[in-house]
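Observations on the model geometry
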Amino acid sequence: MATLGVNIDHVATVRQARRTVEPDPVWAAAAAELAGADAITVHLREDRRHIQDRDLEVLRRTVQVKLNLESAIAPAMIDVACRVKPDQVTLVPEKREEVTTEGGLDVVTHHAATAAAIDRLRAAGIAVSLFLDAEARQIDAAVELGADAVELHTGQYANAATEAARHAELVTLARGAAMIRQAQLALAAGHGLTYRNVVPVARLEGMGELNIGHSIVARAVFVGMAEAVREMKRLIAS
Ligand code: PXP
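Remember, predicted model here, so these are calculated numbers, not experimental data.

It is worth spelling out the sheet that holds strand E3 (residues 66-71) at this point. Read around the barrel, eight strands follow the order E1-E2-E3-E4-E5-E6-E7-E8 and close on themselves; strand pairing throughout is parallel. If you compare each strand with its neighbour and ignore which way they point, the axes differ by 25° on average. The sheet contact formed by E3 and strand E4 (residues 88-91) spans four bridges and is parallel. Within E4, the position partnered with glutamate 70 by the bridge is threonine 90. Those strands touched by helix H8 (residues 163-182) are strand E6 (149-153) and strand E7 (186-190), and its axis lies near 175° from that of E6.

Quick look at the structure:
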């Protein structure tokens, strides 16, 4: 059964809307963990629009489950990761003008910069996952780069407008997942997953971890973080 990484970025988004102290993503992490989250994920963006350096530092001291940091490959961000030492860093593409991460990291084009980031993270004892589109050339490059894990980008699956398009995206994800399994890398998936669309992705053979943020935080506004996490865990196990 896949594990659940709860991304708490958007708890910080609500706080940053008023530049105040609440809601604190540290509280969200504790509530998620108590309800069964297997990992806590945060994305410290270069523009610091939601998670702040302080959040990451306090989370490093308080999170008892796996702490997964999403990070750009920029050297300044890798400096932060090497200093704070999360259990895992997931390397993602980042553009300042985007609302959210748009697509996987292109590790073919950014091969040298990705290799440099992986080397530094590995030397600091941090496992490295690469957030990729389910394309053979990207997965081949991840294997060659020596990543520990690949997180498949599920955004196109989540955004598919028709059932046929969604099925086609699922087939593409399944093909990518098979390549990752064959290369003996850990398999994860995430982005745009919701209570309505998560089950087929959770059932992909060998799925190890799902990273889910917006949908869980959105539900938590109404039912509380603990219940939102429990409901997602039940779906993943179904
Ligand atoms: N995985 C990665 C690599 C991401 O960048 C994000 C968004 O920060 C997520 C998962 C979670 O996406 P969502 O908030 O749509 O569940």
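The subject of this paragraph is the site of the ligand. Of all residues adjacent to the ligand, which total 14 residues, the nearest are Glu70, Glu151, Gly192, Gly213 and His214. At 3.4 Å, a side-chain N or O of asparagine 7 approaches an oxygen atom of the ligand. A distance of 2.8 Å separates an oxygen atom of the ligand from a polar atom in the backbone of glycine 192. Protein coverage of the free-state accessible area of the ligand, which is 400 Å², stands at 94%.

Evaluated as defined, the whole model comprises zero aromatic pairs. Directly above the ring of tyrosine 195 sits arginine 219, whose terminal nitrogen or CZ lies 3.7 Å from the centroid.

On to the environment of glycine 176. Residue placement: glycine 176 occurs in helix H8. In this structure the C-alpha to C-alpha distance between glycine 176 and methionine 232, which are 56 residues apart in sequence, comes to 24 Å. In this structure, glycine 176 is in contact with Ala134, Ile139 and Leu152, ignoring residues within four places of it in sequence.

This part is about helix H10 (residues 214-223). Residues Ser215, Ile216, Val217 and Ala220 constitute the buried set of H10. Contacts made by the buried residues of H10 are with strand E1 (3-7), helix H1 (9-16), strand E8 (209-212) and helix H11 (225-237).

Axis angle and axis distance: for two packed helices, these are the angle between their axes and the distance between the axes, and together they describe the pair. One can describe the packing of helix H2 (residues 25-34) onto helix H3 (residues 53-62) by two numbers: an axis separation of 9 Å at closest approach and a directional angle of 30°. Considering their axes alone, H2 and H3 lie roughly parallel with respect to each other. Relative to H3, H2 is oriented so that their crossing is right-handed. Taken together, the residues of H3 that come into contact with H2 (itself represented by Pro25, Val26 and Ala29) are Arg54, Asp55, Val58, Leu59 and Thr62. Of the residues belonging to the contact of H2 with H3, the class tally is five nonpolar, one polar and two charged.

Before going further, it helps to examine the packing of H2 against H11. Contact pair H2 / H11: the axes reach a minimum separation of 8 Å and the direction vectors enclose 45°. Between H2 and H11, the angle is such that the two are oblique. The interaxial crossing formed by H2 with H11 has right-handed handedness. Taken together, the residues of H11 that come into contact with H2 (itself represented by Ala28, Ala31 and Ala32) are Met225, Ala226 and Val229. Considering only residue class, the contact of H2 with H11 consists of six nonpolar, no polar and no charged.

The next point concerns the nonpolar core. Generally speaking, a soluble globular protein has its nonpolar side chains buried in company with each other. Residues Leu91, Leu130, Leu152, Val201, Leu210 and Ile216 are the most contacted members of the largest nonpolar core, which totals 76 residues. Of the residues forming this core, the biggest block, six residues, is contributed by helix H4 (residues 75-84).

To continue, consider the pattern of salt bridges. Across all of its chains, the model carries 18 salt bridges by this definition. Aspartate 47 is the partner of arginine 49 in a salt bridge, and the nearest nitrogen-oxygen pair spans 3.1 Å. A residue is classified by how much of its surface remains accessible, and arginine 49, at 28% relative accessible area, is partly exposed. Overall, aspartate 47 belongs to the partly exposed group, its relative accessible area being 27%. As a salt-bridge pair, aspartate 87 and arginine 60 come within 3.5 Å of each other at their nearest N and O atoms. With a gap of 27 residues between them, aspartate 87 in the loop between H4 and E4 and arginine 60 in helix H3 connect regions that are remote in the sequence. The class for aspartate 87 is partly exposed, based on a relative accessible area of 35%.

Conventions adopted
Residues numbered from 1 in each chain as written. Predicted model: local features only at pLDDT ≥ 70, side-chain atom pairs only at ≥ 80, totals over all residues. Heavy atoms only, no water. Pairing = 2+ DSSP bridges. Helix = DSSP H or I, 4+ residues; strand = E, 2+ residues; numbered from the N terminus. Axes fitted to C-alpha atoms, helices over the stretch in contact; angles between N-to-C directions. Contact = heavy atoms within 4.5 Å. Near = heavy atom within 4 Å. Polar contact = N/O pair within 3.5 Å; in protein donor to acceptor, adjacent residues only side chain to side chain. Areas by Shrake-Rupley, 256 points an atom, 1.4 Å probe, with all protein chains shown as cover. Phe/Tyr/Trp six-rings, centres within 6.5 Å; stacked < 30°, edge-to-face > 60°. Lys NZ or Arg CZ within 6 Å of the ring centre and 35° of its normal. Buried < 20%, exposed > 50% of the residue type's maximum accessible area, 1.4 Å probe, protein only. Parallel < 35°, antiparallel > 145°, perpendicular 65-115°, else oblique. Left-handed = near helix turned anticlockwise from the far one by under 90°. Nonpolar A, V, L, I, M, F, W, Y, C, P; charged D, E, K, R; others polar. Core = buried A, V, L, I, M, F, W, Y, C linked by side-chain atoms within 4.5 Å. Salt bridge = Lys/Arg side-chain N within 4 Å of Asp/Glu carboxyl O.

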